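Per-entry structural report
Chain by chain, the residues run as shown.
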2 protein chains.
Amino acid sequence: MKNRVITISREFGSGGRLIGQKLAEKLGVPMYDKTILDRIAEENGFSREMMEEAEKKALHGFLYSLSSAFGTGETGPESLSLNERFFLAQFDTIREVAEEGSCVIVGRCADYILRGYPEVTNVFLYAEEEDKIKRAVEEYGVPEKDVKKIMHNTDKARANYYNYHTGRKWGDPVNYNLCIDTGYIGIDDIVDLILFYVEREIER
Amino acid sequence: MKNRVITISREFGSGGRLIGQKLAEKLGVPMYDKTILDRIAEENGFSREMMEEAEKKALHGFLYSLSSAFGTGETGPESLSLNERFFLAQFDTIREVAEEGSCVIVGRCADYILRGYPEVTNVFLYAEEEDKIKRAVEEYGVPEKDVKKIMHNTDKARANYYNYHTGRKWGDPVNYNLCIDTGYIGIDDIVDLILFYVEREIER
């Protein structure tokens, strides 16, 4: 198969990370998700804690946009806010890994960062609320009493972060080649469905 | 294969009708789209012209909602507005055809009307603007100078009609099992991709 990069965006509880892992295994290529933070940290001198802190802030959309918009008051690259510098560093690292060869990238606005790359296929995974709750409790081990709140907050932070940095709308089909409700077919079949699409893509 | 109903919702220029036709041919089942209007007309004594007029009004969302909300001033089923009576008649006919056996239904809010039917798979087809324009001009024969306006108005009317009658948002992935950008793989491969999904659906 030609060089392929598959990006996976996903709602909390849709099984997106596991699907990304299985897809990468089946293709024999690396899978990047939060693990890419280590590489960003190493290459840019950020601490892992600082980066996770920057992402957590996205839950509070307006405060996040404020803390992203205002830099240090100086001029030059150092004048950018920490959030902006982190996002730009992530931008560079994601382009680097995509150029290194085939891979699967879960989350991290990769669909936007790699827009215009002809070898990229963008997938969005979602499911009905009751299916996501079931998976989060049974497979991720999230306590039942907290699951709705955690699910809501995680997706809200993902949407705020994506919408702020990309000017697009997270989960809008137009950003993806394929959107799949993961509640109606098995995980391995979803992996095969994505591969079916990828293998048939037309050269454009 | 077990009894299957596949509903196709689609943006203008995405090739949805042709995909629905090919899907129905491959499955050897009937395909319903605007043709269902004849059956609704026959069973309910509406004229075809009146029904098409009611749908055209949807382009003007607010006026459509007004003309749908106000009945004749009388009580009983006759007091419903013409738009509402037509939608309810369509409701009955779509449930009838779904209960008659496997079929493909293009448009007509069928995903909403058949919600809760376990044998139904809902598909949304879309594409990037330049791909839709190319298809509309080359395949549907729409004059190039009018294509953007026709595309915009058709999708606006579809969205208004759907959103008004269902309380949902047209094109929101949560309403569909599968959403496919039809600009990146061939029509026959899209038919096979939908069948791949349908054949693997879990009994729920």
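Our subject is the structure listed above.
Think of each chain on its own: its residues are numbered from 1, step by step along the sequence as written. For this description, chains carry letters from A and ligands carry numbers from 1, given in the order in which they are written. In keeping with the model being predicted, local features are shown solely for residues with a pLDDT of at least 70 and side-chain atom pairs are shown and tallied solely at 80 or more, while totals for entire chains, interfaces and linings include all residues.

Moving on to the nonpolar core. Counting residues in each nonpolar core, the largest one holds 92 residues, and the members touching the most others are Val104(A), Val123(A), Ile194(A), Val104(B), Val123(B) and Ile194(B). Residue pairs are scored as contacts if the distance between their C-beta atoms, which are placed from the backbone, is within 7 Å. What Ile194(B) contacts, discounting residues up to four positions off in sequence, is Ile6(B), Leu23(B), Val123(B) and Leu178(B). Under the definition applied here, buried Ala, Val, Leu, Ile, Met, Phe, Trp, Tyr and Cys residues are grouped into a nonpolar core through C-beta atoms within 7 Å. Here a residue counts as buried when 20 or more other C-beta atoms fall within 10 Å of its C-beta, as exposed when 12 or fewer do, and as partly exposed in between; the C-beta atoms come from the backbone.

Once chain B is rotated about the relating axis by 180 degrees and shifted along it by 0.0 Å, it coincides with chain A to within an RMSD of 0.0 Å. On this basis, the relationship between the two copies can be described by a two-fold rotation axis. Among all C-alpha atoms of chain B, that of Cys179(B) lies closest to the rotation axis, at 2.4 Å. Interface residue correspondence from chain B to chain A reaches 100%, placing this contact among same-surface, isologous pairings. For this overlay, a least-squares fit was computed on C-alpha atoms, restricted to residues scoring pLDDT of at least 70 in both copies.

For helix α9 (residues 187-200) of chain B, with 14 residues, the first-to-last C-alpha span of 20 Å sits near the 20 Å given by 1.5 Å per residue. Of all the residues in α9(B), the buried ones are Ile190(B), Val191(B), Leu193(B), Ile194(B), Tyr197(B) and Val198(B). Projected onto a plane normal to the axis of α9(B), the buried residues spread over an arc of 160 degrees and lie on a single side. Along α9(B), exposed side chains directed more than 90 degrees from the buried face belong to Asp188(B) and Glu199(B). In this text, helices come from DSSP runs of H or I with a minimum length of four residues, and strands from runs of E with a minimum of two, each type numbered from the N-terminal end. For α9(B), the secondary structure elements touched by its buried residues are α9 (187-200) of chain A together with β1 (5-10), α1 (16-27), β4 (120-126) and β5 (178-181) of chain B. One less than the residue count of a helix, multiplied by 1.5 Å, gives the span that helix is expected to have. The directions considered for the arc run from the helix axis to the C-beta atoms.

Tallying the contact residues gives 20 residues for chain B and 20 residues for chain A. Of all the elements in the fold, those that place two or more residues in the side of chain B that touches chain A are β4, β5 and α9 of chain B. The element that contributes the greatest number of residues to the side of chain B that touches chain A is α9(B), accounting for five residues. Strand pairing is defined by DSSP finding a minimum of two bridges between the two strands. Here strand β5 (residues 178-181) of chain A pairs with β5(B) via three bridges, running antiparallel. By the bridge assignment, Leu178(A) is partnered in β5(B) with Ile180(B).

Next up on the list: helix α8 (residues 147-166) of chain B. Residues and elements named next belong to chain B. With 20 residues, α8 extends 28 Å between its outermost C-alpha atoms, agreeing within 8% with the 28 Å of an ideal straight helix rising 1.5 Å per residue. Along α8, the residues that are buried comprise Arg-158, Asn-160, Tyr-161, Tyr-162 and His-165. Downstream of α8 by a residue or two, Gly-167 has a phi angle that is positive, lying close to 70 degrees.

Below, the discussion takes up the sheet that holds β5(B). Spatially, β2(A)-β3(A)-β1(A)-β4(A)-β5(A)-β5(B)-β4(B)-β1(B)-β3(B)-β2(B) is the arrangement adopted by the 10 strands of the open sheet, whose pairing is mixed. The sheet terminates laterally at β2 (31-32) of chain A together with β2 (31-32) of chain B, the two strands that pair on one side only. Where strand β1 (residues 5-10) of chain A meets strand β4 (residues 120-126) of chain A, six bridges bridge the pair, whose relative direction is parallel. Looking across to β4(A), one finds that Ile8(A) is bridged to Val123(A). Against the sheet, α1(B) touches β1, β2, β3 (103-106) and β4 of chain B, its axis set at about 175 degrees to β3(B). Here an axis means a line fitted to C-alpha atoms, over the contact stretch when the element is a helix, while the angle between two N-to-C directions is reported on a 0 to 180 degree scale.

Just geometry here; none of it tells us what the structure is for.
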